[in-house]
Amino acid sequence: MNAPVTPSFAPARQREVVDALRRVVPAQCVLFDEEDTRPYECDGLAAYRQLPMAVVLPENEAQVVAIMRACLALKVQIVPRGAGTGLSGGAMPIADGVVLSTAKFNRIISMDKYSRTAVVQPGVRNLAISDAAAPHGLYYAPDPSSQIACTIGGNVAENSGGVHCLKYGLTVHNVLRVRMVTIEGEVVELGSGALDAPGLDLLAVFIGSEGMLGVVTEVTVKLVPKPQQARVIMASFDDVVKGGNAVANVIAAGIIPAGLEMMDKTSSRMVEPFVKAGYDVDAEAILLCESDGTAEEVEEEIGRMTEVLNASGAIAIACSQTEAERLRFWSGRKNAFPAAGRISPDYYCMDGTIPRKRLAEVLLGIAAMEKKYHLRCANVFHAGDGNLHPLILFDANLADEFHRAELFGAEILELCVEVGGTITGEHGVGIEKINSMCVQFSPAEREAFFKLKRAFDPAFLLNPDKAIPTLHRCAEYGKMHVQRGQLRHPDLPRF
């Protein structure tokens, strides 16, 4: 699965494209030797790899405009790329295409403490925005687990969230304006510095479009005041069903925590030796519930949440007493993915979203699938908004394990749709979930997606063959069902 891929483009075509790119950007900004393009062959979903024909690293917006026009003239496909931390294969190259990296767009252009906004280039790291805003008592709320490395351009492409998205929202709720370049080389601004903009809400369409509609060159983000205080409750449960129901009970009580996360025993035992976060490794499930605000607000909300959690069957409750302890509690959750490497050679991270009240049901369904596919699964959740991140553990060196992991993952996403959820919450569709789109959306709905794509990119050159499945893709998904020997949905079309 992870064997190096070989180039699959014609040398003459490569020379033509490289020459065209070098006419519009400095020569050192165009990479085409295999040893230089190899680092770009995949994103965080390393199971799927493809060498690009070339990689181009523009230094300013004018160069992006020129690159887009050159590629359009030559009918060259373009895959935009941020930091490459995405987990759905959205930045995986196309064999005879070009990767356009925004890594050199790494400046914070302005910071306005009065309007609580920052204007940044797409290559600025997520955490760097908060670091720069800290002297003003402000920060950028969306905090993906990869925030130390992921960039704002990639966050826009995937509509990233994080452990605090329940209260503060996803990227789409924290971006006011995006400046981007179309495939024709036209510079377009979507949204505005105001709370609303005239006309169609194309900003919301663009955020989460996975690089299929244009290339971001500038983003205006909202900043929020740092709370006076924040504390985290760690609640332990002797049953995952009780833990899942506790999540719904907290929200039903009218409480909107700053963060509400859940981890099962496999995840806790995976993380604790790695981070030493202080987790209860004997509990079947733990919840992390954060409250922030003034000291009085936090004290009152912590008390209310404690009452709900006790009534929901918590067997132990601990509350952070210092900022260092709060950060330690969160460090375990944020390091769940890298910690998987301690107990398994490989893992396959899924990303579905379900109604909160169905969380316990889905957990039990995943447990049954572990037995069916003979693979372990560690479950971590943005439980407050129903966003699941099951980590399917496997060994790519063993025959058929990755294939079983793929089938396992596809069935988890089917279950998400079956209980009224969706196949992705924040990681995007990319290539990983493109077949699963056939479960959630009808042919007419998928054609509507294609019509939107054509409106922005008539030539289908921007990140093609990602996110929206073709009829051929849906036929492939039908074959996967046959391999699994069942259809979860009796009303699904049998391709």
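Presented here is an overview of the structure given in this document. (Residues numbered from 1 in each chain as written. Predicted model: local features only at pLDDT ≥ 70, side-chain atom pairs only at ≥ 80, totals over all residues. Heavy atoms only, no water.)

Some thoughts on helix α13 (residues 359-373)
In step 1: Helix length check: α13, at 15 residues, gives a terminal C-alpha distance of 21 Å against a target of 21 Å (1.5 Å per residue), a fit within 8%.
In step 2: Buried within α13 we find L359, A360, V362, L363, I366, M369 and Y373.
In step 3: Following α13 by one or two positions, H374 adopts a phi angle in the positive range, close to 55°. (Helix = DSSP H or I, 4+ residues; strand = E, 2+ residues; numbered from the N terminus. Expected span 1.5 Å × (residues − 1). Buried < 20%, exposed > 50% of the residue type's maximum accessible area, 1.4 Å probe, protein only.)

Concerning the environment of V362
In step 1: Within the fold, V362 resides in helix α13.
In step 2: Taking the C-alpha atoms as reference, V362 lies 9.4 Å from G244; in sequence the two are 118 residues apart.
In step 3: Not counting residues within four places of it along the chain, the set of residues in contact with V362 comprises I354, L388, L415 and V419. (Contact = heavy atoms within 4.5 Å.)

Let's talk about the layout of surface pockets
In step 1: What the largest pocket holds in volume is close to 890 Å³.
In step 2: The wall of the largest pocket is formed by 50 residues, among which T85, G86, S146, C150 and N155 lie closest to the centre.
In step 3: Those elements that provide at least two residues to the lining of the largest pocket are β3 (78-81), α5 (152-158), β10 (215-222), α11 (323-334) and α12 (336-339).
In step 4: Per element, the largest residue contribution to the lining of the largest pocket is six residues, and it comes from α5.
In step 5: Partitioning the lining of the largest pocket into residue classes produces 18 nonpolar, 25 polar and seven charged.
In step 6: Quantified by volume, the second largest pocket comes out at close to 680 Å³. (1 Å grid on protein atoms, 1.4 Å probe; cavity = no way out; pocket = protein on both sides within 12 Å on 5 of 7 lines; lining within 4 Å. Points joined across faces, edges and corners; volume = space filled by probe spheres on them. Nonpolar A, V, L, I, M, F, W, Y, C, P; charged D, E, K, R; others polar.)

Digging into the packing of aromatic side chains
In step 1: Considering all chains together, one arrives at eight aromatic pairs under this definition.
In step 2: Between Y139 and Y168, the ring centres sit 6.4 Å apart and the planes meet at 75°, which makes this aromatic pair edge-to-face. Of the two residues, Y139 sits in strand β7 (residues 138-139) while Y168 sits in helix α6 (residues 165-168), which places them 29 residues apart along the sequence.
In step 3: Between F394 and F402, the ring centres sit 5.4 Å apart and the planes meet at 40°, which makes this aromatic pair tilted. (Phe/Tyr/Trp six-rings, centres within 6.5 Å; stacked < 30°, edge-to-face > 60°.)

Description of the sheet that holds strand β1 (residues 30-31)
In step 1: Pairing is mixed across the open sheet formed by four strands, whose spatial order is β1-β2-β4-β3. Where the open sheet ends on each side, the last strands, each with one partner, are β1 and β3.
In step 2: Note that β1 and strand β2 (residues 54-56) share two bridges and pair antiparallel. Bridge pairing in β2 places V30 opposite V56. (Pairing = 2+ DSSP bridges.)

Comments concerning the nonpolar core
In step 1: In terms of nonpolar packing, the biggest core is built from 59 residues, with L287, L309, L359, I392 and F408 touching the most fellow members.
In step 2: Per element, the largest residue contribution to this core is nine residues, and it comes from helix α14 (residues 401-418).
In step 3: Among residues more than four places away in sequence, those in contact with L309 are I233, A235, F237, A246, V250, L287, C289, A314 and I317.
In step 4: Counting 25 residues, the second-largest nonpolar core is a separate cluster that includes V30, I183, V215 and L461. (Core = buried A, V, L, I, M, F, W, Y, C linked by side-chain atoms within 4.5 Å.)

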